[in-house]
Amino acid sequence: MINILTSGALSLLLSLIGTPLLIKFLTRRQYGQFIREDGPTSHHVKRGTPTMGGLVIIGSVVLAYFITHLVRWQPPTMSGLLLLFLAVGMGFLGFLDDWSKISKERSLGLTPRGKLIGQAVIGGAFAVAALSFPNHRGVTPASPAVSFLRDIPWLVLPFIVAVVFIIFLIAAWSNAVNLTDGLDGLAAGSATLVFAAYTIVNIWQFNQWCARTSTAGPRCYEVRDPNDLAVLAIAFAGACFGFLWWNAKPAKIFMGDTGSMAIGATLAGLSVMTRTELLLVILGFLFVMEVGSVTLQVAYFKATKGKRIFRMSPIHHHFELKGWDEVTVVIRFWIICGLFVAAGMGIFYAEWVTGS
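Residues numbered from 1 in each chain as written. Predicted model: local features only at pLDDT ≥ 70, side-chain atom pairs only at ≥ 80, totals over all residues. Heavy atoms only, no water.

**Some remarks on the nonpolar core**
In terms of nonpolar packing, the biggest core is built from 87 residues, with V194, F195, Y198, I263 and L267 touching the most fellow members. Tallying contributions element by element places helix α7 (residues 226-247) first for this core, with 13 residues. Contact partners of Y198, with chain neighbours within four places excluded, come to A233, L267, L270, S271, T274, T276, L280 and L283. (Core = buried A, V, L, I, M, F, W, Y, C linked by side-chain atoms within 4.5 Å. Buried < 20%, exposed > 50% of the residue type's maximum accessible area, 1.4 Å probe, protein only. Helix = DSSP H or I, 4+ residues; strand = E, 2+ residues; numbered from the N terminus. Contact = heavy atoms within 4.5 Å.)

**Notes on the packing of α7 against helix α8 (residues 256-273)**
Where α7 meets α8, the axes come as close as 11 Å, and the angle between the chain directions of the two elements is 155°. With respect to each other, α7 and α8 are oriented roughly antiparallel. Note that α7 runs across α8; the crossing there is left-handed. Contacts between α7 and α8 pair L229, A233, F236 and C240 from the former with I263, T266, L270 and M273 from the latter. Partitioning the contact of α7 with α8 into residue classes produces seven nonpolar, one polar and no charged. (Axes fitted to C-alpha atoms, helices over the stretch in contact; angles between N-to-C directions. Parallel < 35°, antiparallel > 145°, perpendicular 65-115°, else oblique. Left-handed = near helix turned anticlockwise from the far one by under 90°. Nonpolar A, V, L, I, M, F, W, Y, C, P; charged D, E, K, R; others polar.)

**Concerning the packing of aromatic side chains**
Taken as a whole, this structure holds 11 aromatic pairs when the rule is applied. With a centroid separation of 5.8 Å and an interplanar angle of 40°, the aromatic rings of F206 and W209 are classed as tilted. On the accessibility criterion, W209 (14% relative accessible area) is buried. Aromatic ring contacts, followed pair by pair, group F92, F95 and W99 into a single cluster. If you follow R150 out to its NZ or CZ, it ends over the ring of Y221, 4.1 Å from the centre. (Phe/Tyr/Trp six-rings, centres within 6.5 Å; stacked < 30°, edge-to-face > 60°. Lys NZ or Arg CZ within 6 Å of the ring centre and 35° of its normal.)

**Some words on the packing of helix α2 (residues 54-72) against α7**
At a closest axis distance of 9 Å, the pairing of α2 and α7 adopts a crossing angle of 140°. Accordingly, the angle class assigned to the pair α2 and α7 is oblique. The interaxial crossing formed by α2 with α7 has right-handed handedness. Residues I57, S60, V61, Y65 and H69 of α2 pack against D228, V231, L232, A235, F236, A239, C240 and F243 of α7. Residues of the contact of α2 with α7, tallied by class, amount to 10 nonpolar, two polar and one charged.

**Looking at helix α10 (residues 285-303)**
Taking 1.5 Å of rise per residue, 19 residues should cover 27 Å, and α10 covers 26 Å from first to last C-alpha, within 8% of that figure. All of the buried residues along α10 are L286, F287, E290, S293, V294 and Q297. Relative to the axis of α10, the buried residues are bounded by an arc of 130° and lie together on one face. Every exposed residue of α10 that faces more than 90 degrees away from the buried side is listed here: T295, K302 and A303. (Expected span 1.5 Å × (residues − 1). Arc of directions from axis to C-beta.)

See the structure below:
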């Protein structure tokens, strides 16, 4: 437990200190965000706000993780290194997208095809590695089975199909968080709640771990390296929480695609490694709601040849255009996120208690 608390505290501190330093660096070089012309007019004042704040989030997590292991004299685990690879890889892809926007001075970055290819390559490398490298007990970091609270025995996928499924999850969640990152503090605050939930999930799985033969019971969890995943989950929670100090309205910096894509991919990676892929739909329902609003809007627009369900998508812009203040939208969406996180954690615990 000490290493988990150390990782969270270090990441929070590094994020709080590192973010204003990055703000000064980006401001001096005029690396600012470009705002959609068709977006809410209240957002036009945000033009020029420094972006790529995700660099601090990722950097804080990486430093906190390795410092924690160095202090505790514990080597990193395969699961931890793979999750870091996924976060850094997707963060780099997001960085390229952010840099493209800055260098070309427009609100559009990489092409959808280019972004999708990058997600497939990084996600594919993660998936193949996570489904390989079994430990001495034959447990790999990821499982080929689809999971809810545990692996579903009758939904074991062939290796190639499992790889494609994991790539889909990574792309879907990274894009969902990216779409949510449209209001000051919305994505950072919501991600903090979900990462906190995964910290508890991993701590619980570690305490009820099948590898702990002295305490393992019939309801133990057949997972890999849950304690180390808890170290990373709380590091991300701490980094997002610290970043939120500077990202709350009025935001001094945006996380950009650098942060949102890394955060979304890491959530997907945690769901895969904890065998809770479908549970994440509940824990991260706010992100599902955001991407769902875009999907519905586009589908309805095409089907009706120009009509809309929402005034604007993602759905947070719909409420802005209805007259809600930005802070009101963010706080109410945080509440929605918190309610679903609580519901997901309740379902997770109830399954273990009831044994059903």
